[in-house]
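Chain by chain, the residues:
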Amino acid sequence: MAATQAPTRTVGAPTGTRPPADGNARAVRARRARTAGFHLTAGLLSLLWLLPIALVLVTSTRSFDDIAAHGMGSWPRSFTLANFGQAWNEGGQGHAMVNSLIVTVPTVLLSLLLASMAAFGLSRYDLPLRRTLLLVMLSGNLLPPQILLIPVSKLSEVIGIYDQLDALIGVQVGFGVGFYVFVLHGFMRAIPAEIQEAAVIDGAGPWQIYSRIILPLARPALAALSALSFTWIFNDLLWAITVLRTDSKMPITASLIGLQGQYVSLWNVIAAGSVIAAAPTVAVFLRFQRHFVAGLNLGAVK
Amino acid sequence: MAVLTMPRRRPGATRVPPLVLAFVLVPLLVEAAWVFWPALQGFYLAFTSWDGLAAPRSVGFGNFTTMVHDPVFRTALGNTVLWLLLFGGLSAALGLGAALLLQQERRGIGFYRAALFLPVVFSLVATALVWQGMYQPDGLINQVLRAVGLGGWQHAWLADQSTAFYAVIVPALWREIGYVMVLYLAGLKGIDPQLYEAARVDGASRWQQFRHVTLPQLSSVNAVVLSVIVIDSLRSFDVVWALTRGGPYHSSELLSTYMYSTAFQSLRLGYGSALAVVIFVLAFGVIATYLVRAFKEAS
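Residues numbered from 1 in each chain as written. Chains lettered and ligands numbered in written order. Predicted model: local features only at pLDDT ≥ 70, side-chain atom pairs only at ≥ 80, totals over all residues. Heavy atoms only, no water.

**Quick look at the overall build of chain A**
When helices and strands are tallied, chain A shows 15 helices and zero strands. Here the C-alpha radius of gyration of chain A, 28 Å, is well above what a compact globule of 302 residues would show, namely 19 Å. Across the 302 residues that make up chain A, the buried fraction comes to 52%. Pairs at least 24 apart in sequence give 76% of the contacts found in chain A among residues at least 6 apart. Accessible surface, chain A as shown: approximately 13,900 Å² in total, 65% of it carbon and sulfur. (Helix = DSSP H or I, 4+ residues; strand = E, 2+ residues; numbered from the N terminus. Rg over C-alpha atoms; globule rule 2.2 N^0.38 Å. Buried < 20%, exposed > 50% of the residue type's maximum accessible area, 1.4 Å probe, protein only. Contact = heavy atoms within 4.5 Å. Areas by Shrake-Rupley, 256 points an atom, 1.4 Å probe, with all protein chains shown as cover.)

Now the structure itself:
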């Protein structure tokens, strides 16, 4: 197209001012049609994707009588926030949310601390077998968790922390750390050696190099991993129901399944519970969207 | 050469400060305690019969021969393979499609991308409950079908043996596609635009550009997506557990759910470990290729 247009334009330069203008108008119209088509397709797709979320938000604010009378899929005829209170208090979601945060926040901090230490050692020092160690640590994270479930639940019994939140923190740190080491290693390796050498000449020991130089420079990767690991750990169900037994100790995901059993067919309360359970990770996502997407791509071996 | 350079590198290698050694060893020991040691035990338990109370009793390959005659195992294995193909294939294809649609930087693109990505941050349990309401006999899906005159297609989606499996896949896909899309978006961004220009000059059609420029350029992302999908498929548990517990009559049973109920509800810990070994074997190929790629990356 471009190759055939170019000669006619140069040949007919003096008289040919009108045809290109005409062609431009057509091109503009074609572009507008394409833009409209794009927004229509992308808009409909987004709408389809958001529909279940909109539905659960609407359901969570309807009264039971309204749903019973008109069905789940009908237009709402009531508005109440009482369902949230019911899920939060009687449904135990409030307590479960506290459990989830007690587990998630220390797990994120502890995993990233341990992982950054190991990644620092493996990437900045000429340790023997460093590559093997890195891959051994990564391979632990790639194992299907099922192979670990029974031994881990027995292990936590043996060391006396079964049915305690400590057990959940322990296994989440142990299982996740390999992946974080791998990602942080890739990031820290790219930091120029000169920076470290200059610090060594100035008399800095490994602790100063780690805490004053490498950690601050690795902030983008740490931020991305924090956002990502927060959602992973907060959203976990399998490890929780493996090492915990008592209802009052369950995190929000397991408590949501409990809610489903406790309020069978009270869809407004279940919907409110789902909204509560999803709110923290949605907040993290909206607040740290860029880190989040960057984190997902950091994890992909390029 | 090697002999000559070795002495020059050695001092650096031996001068690893003890603190750095501790930095590496402490995380390694934590992982060893919670992952490597339990994993070895898991493999050992697969060859035993154990109720969790008395000592495990060795049964050799007994658990694996039991599997061959276990109809639930065969259903779960078949469903797991079907899940891999359907869930994996569809999330890769639709994720790539969404990335192609949403790759250009234009007004409003951030909103569309965020909309498709949003479900990724929900827990699978919350996702399951969101969809459970829609699947109810009086839920949105049946109401829409009735409204458009397809009332005959209405189902009790989760309670019907013929639909439960597919009804469980849909929420899992809804959540996975946005994730795959983000991976592909990054891959598409990395393609040199000059390649497309050159293809256009050569008169390549849109399809030819996709086939001969986009796809080959995405080969490394494809490998990543493949490993992510296989690992995620074999780990799929929460969404099935929250929606059907593998029922009705094991019609939506996966190896992961069967393993969990065998181990923690029937308390057949040896047999459960053996099921976990089968999951491991299915995942092994992907884990190995992922590690080989990581090894190249790290060198």
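Read on, since the account is not over.
**As for the nonpolar core**
Counting 194 residues, the largest nonpolar core has Phe 120, Leu 138 and Leu 148 of chain A together with Trp 83 and Val 239 of chain B as the members making the most contacts within it. Among the elements that take part in this core, helix H8 (residues 164–189) of chain B stands out by supplying 16 residues, more than any other. Two domains each donate at least three residues to this core, and these are domain 1 (18–50) and domain 2 (92–299) of chain A. Not counting chain neighbours up to four residues away, the residues in contact with Phe 120 of chain A comprise Tyr 125, Met 188, Pro 206, Ile 209, Tyr 210 and Ile 214 of chain A together with Val 20 and Phe 23 of chain B. (Core = buried A, V, L, I, M, F, W, Y, C linked by side-chain atoms within 4.5 Å. Domains from an automatic or database assignment.)

**A few points about unusual backbone geometry**
Non-glycine residue Leu 129 of chain A carries a positive phi angle of around 60°. With respect to the element layout, Leu 129 of chain A can be found in the loop between helix H5 (93–124) and helix H6 (130–142). The exposure class assigned to Leu 129 of chain A is exposed, which follows from its relative accessible area of 63%. Positive phi, normally seen in glycine, also occurs at Tyr 249 of chain B, with a value near 50°. The residue Tyr 249 of chain B is located in the loop between helix H12 (238–243) and helix H13 (255–264) in this model.

**A closer look at the UniProt feature "domain: ABC transmembrane type-1" (unreviewed entry) in chain B**
Taking the UniProt record as the reference, the feature "domain: ABC transmembrane type-1" (unreviewed entry) is found at residues 77–292 of chain B. The straight-line gap between the two end C-alpha atoms of residues 77–292 of chain B is 27 Å; of that span, 73% is helix and 0% is strand. (UniProt positions renumbered as here; feature names shortened; annotations may be inferred.)

**Points about the pattern of salt bridges**
Scanning the model with the defined rule gives four salt bridges over all chains in all. Close ionic contact of Asp 66 of chain A with Arg 62 of chain A constitutes a salt bridge, the shortest N to O distance being 2.9 Å. Assessed through its relative accessible area of 1%, Arg 62 of chain A is described here as buried. Between Arg 113 of chain B and Glu 105 of chain B there is a salt bridge whose closest N-O contact spans 3.4 Å. The partly exposed category is assigned to Arg 113 of chain B, whose relative accessible area is 21%. Its relative accessible area of 59% is what places Glu 105 of chain B among the exposed residues. (Salt bridge = Lys/Arg side-chain N within 4 Å of Asp/Glu carboxyl O.)

**Side note on the interface of chain B and chain A**
Of the residues lining the interface, 95 residues belong to chain B; the matching set on chain A comes to 95 residues. Buried area between chain B and chain A, summed over both chains or domains, comes out near 8,700 Å², and the portion from carbon and sulfur atoms is 77%. The greatest single-element share of the side of chain B that touches chain A, amounting to 20 residues, is contributed by helix H2 (residues 18–45) of chain B. (Buried area = accessible area lost by both parts, 1.4 Å probe.)

**Here we look at the domain arrangement of chain A**
Taken domain by domain, chain A consists of domain 1 (18–50) and domain 2 (92–299). For domain 1 of chain A versus domain 2 of chain A, the separation of C-alpha centres amounts to 44 Å.

**Regarding the UniProt feature "transmembrane region" (unreviewed entry) in chain B**
Residues and elements named next belong to chain B. According to UniProt, the positions carrying the feature "transmembrane region" (unreviewed entry) are residues 20–40, 81–102, 114–134, 164–186 and 269–292. Taken end to end, residues 20–40 comprises 100% helix and 0% strand; its first and last C-alpha atoms sit 28 Å apart. Overall, residues 269–292 shows 100% helix and 0% strand. The separation of its end C-alpha atoms is 33 Å.

**Things to note about the environment of Gly 78 of chain B**
Structurally, the position occupied by Gly 78 of chain B is in helix H4 (residues 71–101). Along the sequence, Gly 78 of chain B and Val 24 of chain B sit 54 residues apart, while their C-alpha atoms lie 42 Å from each other.

**Notes on the confidence of the model for chain A**
Residues at a pLDDT of 70 or more form 91% of chain A, whose mean pLDDT is 85. Across chain A, H5 of chain A holds the top mean pLDDT of 94, while helix H1 (residues 2–11) of chain A sits lowest at 36. (pLDDT = per-residue confidence, 0-100.)

**A few points about the side chain of Ser 116 of chain A**
Counting through the fold element by element, Ser 116 of chain A comes out in helix H5. Contact partners of Ser 116 of chain A, with chain neighbours within four places excluded, come to Leu 184, Met 188, Tyr 210 and Leu 215 of chain A.

**Some thoughts on the UniProt feature "transmembrane region" (unreviewed entry) in chain A**
All names here are of chain A. The UniProt record marks residues 36–58, 96–120, 132–152, 167–187, 221–244 and 264–286 with the feature "transmembrane region" (unreviewed entry), using the residue numbering of this structure. As a span, residues 167–187 carries 100% helix and 0% strand, and end to end its C-alpha atoms are 30 Å apart. The span residues 221–244 is 88% helical and 0% strand by assignment, and the distance between its end C-alpha atoms comes to 32 Å.

**Digging into the UniProt feature "domain: ABC transmembrane type-1" (unreviewed entry) in chain A**
Here the UniProt feature "domain: ABC transmembrane type-1" (unreviewed entry) sits at residues 97–288 of chain A. Annotated as residues 97–288 of chain A, this span is 81% helix and 0% strand, and its ends, taken at the C-alpha atoms, are 21 Å apart.

**Some words on helix H7 (residues 140–147) of chain B**
Taken together, the buried positions of H7 of chain B are Leu 140, Asn 142 and Leu 145 of chain B. Gly 149 of chain B sits one or two positions beyond H7 of chain B and adopts a positive phi of about 80°.

**Concerning the packing of helix H8 (residues 165–189) of chain A against H2 of chain B**
Orientation of H8 of chain A relative to H2 of chain B, taken along the N-to-C sense of each, is 115°, at an axis distance of 8 Å. Of the possible angle classes, the one that applies to H8 of chain A and H2 of chain B is roughly perpendicular. Handedness of the crossing formed by H8 of chain A with H2 of chain B: left-handed. Touching Ala 167, Gly 170, Val 171, Val 173, Gly 174, Phe 175, Val 177 and Gly 178 of chain A of H8 of chain A are Pro 27, Val 30, Glu 31, Trp 34 and Val 35 of chain B, all from H2 of chain B. Here the residues of the contact of H8 of chain A with H2 of chain B are counted per class, giving nine nonpolar, three polar and one charged. (Axes fitted to C-alpha atoms, helices over the stretch in contact; angles between N-to-C directions. Parallel < 35°, antiparallel > 145°, perpendicular 65-115°, else oblique. Left-handed = near helix turned anticlockwise from the far one by under 90°. Nonpolar A, V, L, I, M, F, W, Y, C, P; charged D, E, K, R; others polar.)

**Description of the packing of aromatic side chains**
Tallying each qualifying case throughout the model produces 29 aromatic pairs over all chains. When the ring of Trp 83 of chain B is compared with that of Phe 87 of chain B, the centres are 5.5 Å apart and the planes differ by 25°; the resulting orientation is stacked. With Trp 83 of chain B and Phe 87 of chain B both in helix H4, this residue pair falls four residues apart, about one helical turn. A relative accessible area of 2% means that Phe 87 of chain B is categorised as buried. Each ring, one from Trp 131 of chain B and one from Tyr 135 of chain B, has its centre 6.0 Å from the other, and the planes form 40°; the classification is tilted. Of this pair, Trp 131 of chain B and Tyr 135 of chain B are both found in helix H6 (residues 124–135), four residues apart, which corresponds to roughly one turn of the helix. Just as Trp 131 of chain B is buried, Tyr 135 of chain B falls in that class too. A connected cluster of aromatic rings, assembled from ring pairs, spans Phe 120, Tyr 125, Trp 207 and Tyr 210 of chain A together with Phe 23 of chain B. One cation-aromatic arrangement involves Arg 106 of chain B over Phe 38 of chain A; the distance from NZ or CZ to the ring centre is 4.2 Å. (Phe/Tyr/Trp six-rings, centres within 6.5 Å; stacked < 30°, edge-to-face > 60°. Lys NZ or Arg CZ within 6 Å of the ring centre and 35° of its normal.)

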